[in-house]
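# Architecture and fold: a report
Here's the letter readout for the chains.
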Amino acid sequence: TGRFTFDPGFTSTASCESALTYIDGDEGVLLHRGYPIGQLAEHSSFMEVSHLLLNGELPSKEELERFTYTITRHTMLHEQLAQFYRGFRRDAHPMAVMCGVVGALSAFYHDSTDITDPHQRMIASHRLIAKMPTIAAMAYKYSVGQPFVYPDNTLSYTGNFLRMTFGVPAEEYVVNPIVERALDRIFILHADHEQNASTSTVRLAGSSGANPFACIAAGIACLWGPAHGGANEAALNMLREIGTVDRIPEYIARAKDKDDPFRLMGFGHRVYKNYDPRATVMQQTVREVLGELGVSDPVFDVALQLEEMALSDDYFIEKKLFPNVDFYSGVILSAIGFPTTMFTVLFALARTVGWVAQWNEMIADPQQKIGRPRQLYTGPTQRDYVSIEQR
Ligand code: CMC
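Source: prediction; values computed, not measured.

Before going further, it helps to examine the UniProt feature "transmembrane region" (unreviewed entry) in the chain. Mapped onto this structure's residue numbering, the UniProt feature "transmembrane region" (unreviewed entry) falls at residues 327-350. Annotated as residues 327-350, this span is 75% helix and 0% strand, and its ends, taken at the C-alpha atoms, are 17 Å apart.

Let us look at the packing of helix α9 (residues 197-207) against helix α17 (residues 343-364). Running from N to C, α9 and α17 point in directions that differ by 40°, and their axes come no closer than 9 Å. Put simply, α9 runs oblique to α17. The handedness of the crossing between α9 and α17 comes out as right-handed. On α17, the residues that touch S198, T199, V202, R203, G206 and S207 of α9 are R351, G354, W355, Q358, W359, M362 and I363. For the contact of α9 with α17, the class distribution of residues is 5 nonpolar, 6 polar and 2 charged.

Partitioning the chain into domains gives domain 1 (66-226 + 342-364) and domain 2 (231-336). Taking only C-alpha atoms, the centre of domain 1 and the centre of domain 2 are 27 Å apart. Taken together, the contact between domain 1 and domain 2 spans 12 residues of the former and 20 residues of the latter. Every element with two or more residues in the side of domain 1 that touches domain 2 is listed here: α8 (177-190) and α17. For the side of domain 1 that touches domain 2, the per-class residue count stands at 10 nonpolar, 1 polar and 1 charged.

Our focus in this paragraph is unusual backbone geometry. Although it is not a glycine, R33 adopts a positive phi angle of roughly 50°. Located in the positive-phi region is E194, a residue other than glycine, with phi close to 35°. Its 18 C-beta neighbours within 10 Å are what place E194 among the partly exposed residues.

With that out of the way, let us pick up the environment of I220. Positionally, I220 belongs in helix α10 (residues 212-223). As for I220 and D313, which are separated by 93 residues in sequence, their C-alpha atoms are 35 Å apart. If we ignore the near neighbours within four places in the chain, the residues touching I220 are M95, M98, C99, V102 and A348.

A word on the site of the ligand. What surrounds the ligand is a group of 20 residues, the closest being A231, R263, F267, G268 and R270. Class assignment of the residues belonging to the shell around the ligand gives a composition of 8 nonpolar, 8 polar and 4 charged.

Here the focus is the environment of D117. Relative to the helices and strands, D117 is located in the loop between α5 (94-104) and α6 (118-144). C-alpha separation for the pair D117 and V101, spaced 16 residues apart in sequence, amounts to 24 Å.

Let us look at helix α13 (residues 277-293). Taking 1.5 Å per residue, 17 residues should reach 24 Å; α13 reaches 25 Å between its end C-alpha atoms and fits that length. Among the residues of α13, those classed as buried are P277, R278, A279, V281, M282, T285, V286 and V289. Looking straight down α13, one finds its buried side chains confined to an arc of 165°; they lie on one side. Residues of α13 that are buried sit in contact with β2 (29-32), α1 (37-43), α8, α14 (298-311) and α16 (325-336). Two residues or fewer after α13 comes G294, characterised by a positive phi angle close to 70°.

Cut-offs used in this document
- Residues numbered from 1 in each chain as written.
- Predicted model: local features only at pLDDT ≥ 70, side-chain atom pairs only at ≥ 80, totals over all residues.
- UniProt positions renumbered as here; feature names shortened; annotations may be inferred.
- Helix = DSSP H or I, 4+ residues; strand = E, 2+ residues; numbered from the N terminus.
- Axes fitted to C-alpha atoms, helices over the stretch in contact; angles between N-to-C directions.
- Parallel < 35°, antiparallel > 145°, perpendicular 65-115°, else oblique.
- Left-handed = near helix turned anticlockwise from the far one by under 90°.
- Contact = placed C-beta atoms within 7 Å.
- Nonpolar A, V, L, I, M, F, W, Y, C, P; charged D, E, K, R; others polar.
- Domains from an automatic or database assignment.
- Buried ≥ 20, exposed ≤ 12 C-beta atoms within 10 Å, placed from the backbone.
- Near = placed C-beta within 6 Å.
- Expected span 1.5 Å × (residues − 1).
- Arc of directions from axis to C-beta.

This is the structure in C-alpha cells:
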C-alpha cells in the first residue's frame, strides 16, 4: 500500500487524543472522565454528567445549580423556527426534521457561530444541549398534529422534555418520577461513547472550522443509520415482528445464514466483545419501569428469550455478539409512550452532550488540523480523452 495505511472502517486507527471517555471492549468497561458508567447511571443525573463531560469534573452543588440555570435559560427556540417546522410533511421521519431544524440553528443564532471565540463556543454548546429537548418535542408534536408546548423551566431537564412531548394545553401534565428517572438514565447511558461514527462525523465536520450547529446536524444525519443510532428503532420493530417466543429460532437461523442479510438488531458492537456495560443497566431499568408502570409487554418476554437463546448459540459465542445498549432501550421507551420513530431522536438528544464536548475539546487543541484521510486509488490509469463520436 506504499505511503498509506489501509484501514477500512477504522478498526485500528486512533483519529484523535481525548480525555473524555475510556472504553475497554474486552473487559466491558466504559468510563466518563474516569467514572464508571454503572455508577453514573445509578447515582448521577443527566445534568451532572453533562457538566462532567463538558467541563471535566462532577459539579459541586453550586456549580450544578449554575449549570442547570444556564441550560434552562436557553431552552426556548426562536419563534420563527416554529414556521420552519410547518414546511415539513406531517409524516416526515422526526430524524429528517431534526437534521433540518438543528442545521438551521446557525441561521438563527449568529452570535454563537464564531468558533475562534471560546465564549461563543460555550454559548453554542449550552444552546445545543438546552434546545435539543424543545426541538425533539416539537418534531413529535408536529407529527401528531398537537400544538407545540413551550418549556417550563421549573421542571428538570428530563421532566421538561416529557411535558413538552406528552403535555397538552387542555390539561395539567404531571411528571411521573419513575418515568423521569428512567429516561434520565437512558440519557446518561447515551451521553458519550468516544469515537463512534456520529462523533467522528462531528469532529470531521468541525475540523474544517464549520459552525457547531452545522456540525451537530452532520452528527444527527450519521446517527440515523440502522447500524448506529437507528438500531433502537430497528430492534423494537424486529422484536414486534418476531411477536411470540416460538418464532425466535426462525430469526436466529436467519441471522446466522450467510446468504440472508438479516442481522439481530441490538446485537453486536464494534468495540465491546465481552458485554456492553450499558446493556446491563438497561436490562435492570426495563424491569423496574415495566413493573412500576404496570405495563406488561409481550415484546419484553421475546427480548429476554431471544437474548438467552442467542447467548447460548455457537454462532453468537464465536463472533462475540452480545446485546448492546439499544436492545432494551426500545422496550422502555415504548412503555413510556414514545413511538418507535422517536427513539433515535432521543439518542440524538442525549448524544448532543458528547458531540459538543468532543467538538470543544478538538477546537481547543492547538494541534488541531483539518481531517483529511487519504485513499488507495483503484480506478483506471491515465488515458486520453476520446470524442463522443468515437465512444
Ligand atoms: N446479527 C448477526 N450477525 C452479526 C451481527 C448481528 N447483529 N453483528 C455482527 N454479525 C456478524 C457479521 O455478519 C460478521 O460475520 P462474518 O465475520 O462471518 O462476516 C461478524 O459478526 C462481524 O460483524 P461486522 O459487521 O464485521 O462487525 P462491525 O464491528 O463492523 O459491526 C455492528 C458492528 C454494531 C455494526 C454490527 O454488530 C451490527 O450491524 N449490529 C446490529 C445493529 C446494531 O445493533 N447497532 C447498534 C450498535 S450500539 C449503538 C450504537 O453505536 O449506535
